[in-house]
Amino acid sequence: MSVTTDKAARLAELIRAADSVVALTGAGISVPSGIPDFRSPGTGLWENVNPMEVAHIDAFHRDPERFWRFYGKRFQTLEEKRPNRAHLALAALEREALLDAVITQNIDRLHRNAGTVNLVEVHGSIDSSSCLSCGESFPLADVRARQAADTRGVPRCACGSPLKPDVVLFGEYLPLAALARAERLAAGADLLLCIGSSLEVHPVAGLPELTLGAGGKIAILTQGPTPFDRVAAVRMGGDVVDELEAVLSAL
Ligand code: ZN
């Protein structure tokens, strides 16, 4: 048996034995869909801009036109992407009642598009944008149409205010309700599957602690080191698609 098959069999065993399994995913699960992790230098869209500057809530307020010039491109890139077989594997696990929920740091909608139902998007999603003045919410297609129709390329509410994507920008707090839900799920999980996340960005980095603190186990399927490698019941560091499919076939 190869190392992957061996570990996949062990992880499949843990999944079967657990009453509650929750997945926590980061940028690594969307890389096979062609979405580079913006924290890796020299990759695509973020190459010539400083995301801390342009995707910051202050930049949105100060210069919505510049903000949307950048964010419009980002939307366009993400709109075309399709879920990969790792997203589909998690959706399949949920359908088979082997996975309770997916908590994700990703804003790309790919878990949703793959069919995951119980989904917590702790950094929000590009699925909608909102008016900060009157609270009105607009679906992505409508936002794109409004952006195309505006001479300055800024999608606007009927009240005239620029719309803000429902994603957590730099300088913004995470949505409290989503975070509370994520913490409840992590604390109640017998097994937390950490996939494609370096587990370094807070507050998501605190979720494995909650699982471990309540007596649960964690498994890590991520390329590159994480602070939890030594306490993981299973540690896989190869291709995320191959590994999840190996786990599925071992179930
Ligand atoms: Zn409005």
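Relevant structure appears above.
Here's a quick rundown of the structure.

Reading guide: rules and limits
- Residues numbered from 1 in each chain as written.
- Predicted model: local features only at pLDDT ≥ 70, side-chain atom pairs only at ≥ 80, totals over all residues.
- Heavy atoms only, no water.
- Donors = N, O, S within 2.8 Å, 3.2 Å for Na, K, Ca; no water.
- Tetrahedral: all angles 85-135°; square planar, octahedral: opposite > 155°, others 65-115°.
- Axes fitted to C-alpha atoms, helices over the stretch in contact; angles between N-to-C directions.
- Helix = DSSP H or I, 4+ residues; strand = E, 2+ residues; numbered from the N terminus.
- Parallel < 35°, antiparallel > 145°, perpendicular 65-115°, else oblique.
- Left-handed = near helix turned anticlockwise from the far one by under 90°.
- Contact = heavy atoms within 4.5 Å.
- Pairing = 2+ DSSP bridges.
- Core = buried A, V, L, I, M, F, W, Y, C linked by side-chain atoms within 4.5 Å.
- Buried < 20%, exposed > 50% of the residue type's maximum accessible area, 1.4 Å probe, protein only.
- Expected span 1.5 Å × (residues − 1).
- Arc of directions from axis to C-beta.
- Phe/Tyr/Trp six-rings, centres within 6.5 Å; stacked < 30°, edge-to-face > 60°.

1. Overview of the coordination of the zinc ion
Within the first shell, the zinc ion binds the protein through Cys131 (SG), Cys134 (SG), Cys157 (SG) and Cys159 (SG), at distances of 2.3 Å. Classification of the site at the zinc ion as tetrahedral follows from its 4 donor atoms and the range of 100 to 127° in their angles at the metal. Written as a sequence motif, the donor residues of the zinc ion are C-x2-C-x22-C-x1-C.

2. Notes on the packing of helix α4 (residues 64-79) against helix α7 (residues 140-149)
In contact at an axis separation of 12 Å, α4 and α7 are set at 135° when each is read in the N-to-C sense. Classed by the angle they form, the pair α4 and α7 counts as oblique. The way α4 lies across α7 gives a crossing that is left-handed. Contacts from Trp68, Gly72, Phe75, Gln76 and Glu79 of α4 reach α7 at Leu140, Val143, Arg144 and Gln147.

3. Quick word on the sheet that holds strand β6 (residues 163-167)
Overall, antiparallel pairing links the 3 strands, which are arranged β5-β4-β6 in an open sheet. What marks the edges here is a single partner per strand, and that holds for β5 (137-139) and β6. For this sheet, the mean angle separating the axes of adjacent strands, direction not counted, is 40°. Note: strand β4 (residues 124-131) against β6, 4 bridges, orientation antiparallel. Residue pairing across strands places Ser129 opposite Pro165, the latter belonging to β6. Those strands touched by α4 are β4 and β6, and its axis lies near 45° from that of β6. This element, α7, spans β4, β5 and β6 of the sheet and lies at about 95° to β5.

4. Notes on the nonpolar core
Of all hydrophobic cores here, the largest spans 26 residues; its most connected members are Leu11, Leu90, Leu99, Leu191, Leu193, Ile195 and Leu244. The set of elements that each furnish at least two residues to this core consists of α1 (3-17), β1 (21-25), α5 (85-95), β7 (191-195), β8 (217-221), β9 (234-236) and α10 (240-250). Beyond its immediate stretch of four places on either side in the chain, Leu193 contacts Leu11, Ile15, Val21, Val22, Ala23, Leu24, Leu99 and Ala219. Ile57, Tyr71, Cys157 and Leu169 belong to the second largest nonpolar core, which has 23 residues in total.

5. Describing helix α8 (residues 176-188)
Compared with the 18 Å implied by 1.5 Å per residue over 13 residues, the 18 Å span of α8 between its first and last C-alpha is a close match. Buried residues of α8: Ala178, Leu179, Ala182, Leu185 and Ala186, and no others. Relative to the axis of α8, the buried residues are bounded by an arc of 125° and lie together on one face. In this structure, α8 carries Leu176, Ala177 and Arg184 as exposed residues pointing more than 90 degrees from its buried face. Buried positions along α8 lie against β1, β2 (101-104), β3 (119-121) and α9 (207-213).

6. A look at the packing of aromatic side chains
Within the structure shown, the criterion is met by 7 aromatic pairs. Both rings, one in Phe67 and one in Trp68, keep their centres 5.8 Å apart while their planes meet at 85°; by these two values the pair is edge-to-face. Classification of Trp68 as buried rests on a relative accessible area of 1%. When the centroid spacing of 6.4 Å and the interplanar angle of 75° are considered together, the rings of Trp68 and Tyr71 count as edge-to-face.

That is the geometry; function is a separate question.
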